[in-house]
Every structure is written in C-alpha cells, then in structure tokens.
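Residue-level structural notes
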Amino acid sequence: MLTSEPMWRHTTFRVGGPADYFAIPKGEEDLRRLLTSARSADVPVFVLGDGSNLLVADEGIRGVVIDMHRFSEYRLEGDLLVSGAGLEVSDVAWESGTQGYAGLDYFYGMPGSVGGAVWMNARCYGGEIADILSWVEVMNFDGKVERIPMKKEDWDYKISPFQSGSLVILRAAFRIESRDSASLRAAMKERRDDREKKGHYRAPCAGSAFKNNRDFGSPSGVLIDSCGLKGRRSGGAAVSNWHGNILINDRGAKARDILALMEEVAREVERSTGFHMEKEVLAVGDWEADDGGR
Ligand SMILES: Cc1cc2nc3c(=O)[nH]c(=O)nc-3n(C[C@H](O)[C@H](O)[C@H](O)COP(=O)(O)OP(=O)(O)OC[C@H]3O[C@@H](n4cnc5c(N)ncnc54)[C@H](O)[C@@H]3O)c2cc1C
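Before going into details, it helps to say that this report is about the structure given with it. Please read these numbers as outputs of a predicted model, since none were measured by experiment.

Cut-offs used in this document
Residues numbered from 1 in each chain as written. Predicted model: local features only at pLDDT ≥ 70, side-chain atom pairs only at ≥ 80, totals over all residues. Heavy atoms only, no water. Pairing = 2+ DSSP bridges. Helix = DSSP H or I, 4+ residues; strand = E, 2+ residues; numbered from the N terminus. 1 Å grid on protein atoms, 1.4 Å probe; cavity = no way out; pocket = protein on both sides within 12 Å on 5 of 7 lines; lining within 4 Å. Points joined across faces, edges and corners; volume = space filled by probe spheres on them. Nonpolar A, V, L, I, M, F, W, Y, C, P; charged D, E, K, R; others polar. Axes fitted to C-alpha atoms, helices over the stretch in contact; angles between N-to-C directions. Salt bridge = Lys/Arg side-chain N within 4 Å of Asp/Glu carboxyl O. Buried < 20%, exposed > 50% of the residue type's maximum accessible area, 1.4 Å probe, protein only. Near = heavy atom within 4 Å. Polar contact = N/O pair within 3.5 Å; in protein donor to acceptor, adjacent residues only side chain to side chain. Areas by Shrake-Rupley, 256 points an atom, 1.4 Å probe, with all protein chains shown as cover. Core = buried A, V, L, I, M, F, W, Y, C linked by side-chain atoms within 4.5 Å. Domains from an automatic or database assignment. Contact = heavy atoms within 4.5 Å.

Observations regarding the sheet that holds strand S17 (residues 237–239)
As summarised here, the arrangement of the four strands in space is S15-S18-S17-S16, forming an open sheet in which the pairing is antiparallel. Pairing within the sheet leaves two strands with one partner each, and these edge strands are strand S15 (205–208) and strand S16 (233–234). Two elements, S15 and strand S18 (residues 246–249), share two bridges in a ladder whose sense is antiparallel. Bridged to Cys-205 within S18 is Ile-248.

Below, the structure written as structure tokens:
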C-alpha cells in the first residue's frame, strides 16, 4: 500500500494531488480484504481505472484509491469475450480483432480500462458498451461477488447502472462475432488515425469535457466553437485550438484551472445559446479542501 501517492501520475489530464492510500490488489482475495477493512475502519474508497475521464482535485483524494490494473484476465467463452476490468479496452479490442472477433473494435484507440468503459457506458464511432455487454461481475463492499446480467433498460447515453451504486467491477463479458481479421484491423487503424487527426493525443486531456445532447442540435464542441471559445484559457488550462470540446492541460495546469475553465465555458455557452451542457469529465477528490491556491 502506498501513501500520499500523487494522482497526477494516474490521470490523463496529468493533474491531481495525493491519495492518502493507494492500493493495487493482486486479485479478488486481496480486493475483498481491502474493501472490508476500509468499510470497518470507515475509510472512503475510490476505484480507479486508467484515470482518462477524471479531474482529481489538487488537494487529492481522501481515503484509499484502488487501482484495478491487475485484473487482467482475457478469455473466450463461446460467443463471449470475458475481460478483466483492468485491461485497456483498446488492447482488448486489438487482441480480439486480431483473432477475428468483432464487438469491441469500435473502442480501439480510446483510452481507459474495461472497468471504466463499462462504468461510463463509453461510446464512440456509433458503438456503445451497452450494445455488446452480456454480463458484469462485481464485488460489493462486503466482499461478495455477484454476476449481473445486462438489462438494456438500466442503460442510457453515457449512463450505466454502476454509477448509482458502490460496486467494484471485476470483469465483463462482451458478445463477439467472427469477422475477417485483416479488415477488422484496417477499420481499427482508421479510427485511431481519425482520433490522431482530431488531436485526441496531442496534449494531456480527458477526451470530451461535456456530454453531447441531441436536443441541442449540435455537438457540444460545435456549440463551444460557435461561441468563440477555442483557445480560451484559465491559468495553465486551455480550450484546445483544434476541438472545442477538448480542454487541455497546456502549461502546468492545476486541477482548479481546468474546473474553472469548464465552468466558464458552460456559463458562456448557456448565456449565448440557452443550452446547459452537462459535464462528462468527473471532478473527484477533495474539492472542498481546495482554497483556490491561496
Ligand atoms: C484522448 C481521449 C479520448 C477519449 N475518447 C472517448 C470516446 O470516444 N468515447 C468515450 O466514451 N470516452 C472517451 N474518453 C473518455 C474515457 O476514455 C472514457 O470515459 C473511459 O471509459 C474511462 O475509463 P477509465 O478506465 O480511464 O476510467 P476512470 O477515468 O479511471 O474512471 C471513470 C469512472 O469509472 C469508475 N471505475 C473505473 N473502473 C472501475 C471498476 N473496475 N469498478 C468500478 N468503477 C470503476 C471510476 O471510479 C470513475 O467513477 C476519452 C478520453 C481521452 C483522454
């Protein structure tokens, strides 16, 4: 168990203060011990995937952060692909695609773990996790493991049932279909190239800062751009010059710079267009202790 582990090392924004404790459980038994002792000592728990959708406070995270990277199994069970929560979803997409299985191929090039993608109901290029999910195995804070079958009605755009509970995702099973591996690999490379062109990997960021809302008629990035906000700055944070919905850590930003910029952008878009954009990036950690850098 590490103490005072800087969270900027574990987030794609490269910001975030120290976690009081940081644990990387080796497997279920280890995780069970961690969760039950945290519960009995009344220590808060935060489950970390790849930190690619997180804005961690400069003051860090109180309690214990549990890094799920060692949950890394990968197996085929008939027409299902079972993946540990800690694997990179992009790696699973590539591996299964190379073996001639379609399903997760949409997610090649998207940062994040399988657990994070399920929790977020990640989506891209017209595919979303809920479309291919069959079941999820979770552990509750008493250490009990349960298999939860997919129920479509519990899922929506960027909404999963896991967002309202405190369950740790251990592994997930996805429906796959046989396809020609060469064409799958070519399609995956194309999507990755597209991300490259859109500047996804150009600077530390967490992907789309705001959700898209179909009722607005335009994606959030277009709304932000139409308000002339590309390039807008707050301290070391900036709205990227290449995509309105990508906010970046440009020059040594603090988490508070990024949050302030997000709030300013949302305010200006609402003032000009009347649309209230919802944050997609999750602000987590000890924001209450933030004193604005004084
Ligand atoms: C360059 C870039 C491009 C992106 N493009 C897209 C895109 O096209 N589409 C899209 O949907 N998103 C995109 N994102 C956002 C991000 O990649 C996704 O939201 C991703 O699914 C987050 O996964 P993660 O493992 O990083 O989760 P984290 O950011 O670590 O965590 C997100 C949430 O999931 C919870 N969580 C993670 N793992 C578990 C687990 N095992 N059990 C319980 N809870 C867990 C965390 O507690 C947290 O609440 C992009 C991000 C970047 C940086």
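So, the layout of surface pockets
If you add up the space inside the second largest pocket, you get close to 260 Å³. Tyr-157, Lys-211, Asn-212, Asn-213 and Arg-214 are the residues nearest the centre of the second largest pocket, which is lined by 13 residues in total. A breakdown of the residues in the lining of the second largest pocket according to their chemical character gives four nonpolar, five polar and four charged.

Details of the sheet that holds strand S6 (residues 74–77)
Spatial ordering of the open sheet is given by S6-S7-S13-S11-S12, a layout of five strands whose pairing is antiparallel. The sheet is open, and its two edges are formed by S6 and strand S12 (145–149), each paired on a single side. Strand after strand, the sheet turns through a mean of 20° between neighbouring axes, direction not considered. With five bridges joining them, strand S11 (residues 133–139) and S12 adopt antiparallel strand pairing.

Comments concerning the pattern of salt bridges
Under the counting rule described, the total for this entry stands at 29 salt bridges. A salt bridge links Arg-39 to Asp-142, with the shortest nitrogen-to-oxygen separation between them at 2.8 Å. Placement of Arg-39 in helix H1 (residues 28–40) and of Asp-142 in the loop between S11 and S12 is noted, with a sequence separation of 103 residues between them. Overall, Arg-39 belongs to the partly exposed group, its relative accessible area being 47%. Given the relative accessible area of 49%, Asp-142 is considered partly exposed. Through salt bridges with shared partners, a single ionic network connects Glu-28, Glu-73, Arg-75, Glu-77, Glu-137, Arg-147 and Arg-171.

Considering the environment of Glu-190
As for its placement among the helices and strands, Glu-190 is situated in helix H5 (residues 181–197). Its relative accessible area of 60% is what places Glu-190 among the exposed residues.

Notes on the site of the ligand
The full set close to the ligand counts 35 residues, and Val-47, Ser-52, Pro-111, Ser-113 and Arg-123 are the nearest of them. Contact distances for the ligand include 2.6 Å between an oxygen atom and a backbone N or O atom of Val-47. Here Gly-116 contributes a backbone N or O atom positioned 3.4 Å from a nitrogen atom of the ligand. Relative to its unbound accessible area of 970 Å², the ligand is 95% covered by the protein chains. Listing elements by their share of the shell around the ligand, those giving two or more residues are strand S3 (45–48), helix H3 (114–120), strand S9 (123–124), strand S13 (168–175) and S15.

A look at the nonpolar core
The biggest cluster of nonpolar side chains holds 32 residues, and the ones touching the most others in it are Phe-13, Leu-55, Phe-210, Ile-224, Val-265 and Val-269. Of all elements in the fold, only S15, helix H6 (220–226), S17, S18 and helix H7 (255–273) reach the threshold of two or more residues within this core. No other element matches the eight residues that H7 contributes to this core. The two domains that each donate at least three residues to this core are domain 1 (2–67) and domain 3 (210–278). The residues touching Phe-210, leaving out its near neighbours within four places in the chain, are Ser-220, Ile-224, Asn-245, Met-262, Val-265, Ala-266, Met-277, Glu-278, Lys-279 and Glu-280.

Interpretation note: all reported values are geometric properties and have no functional meaning in isolation.
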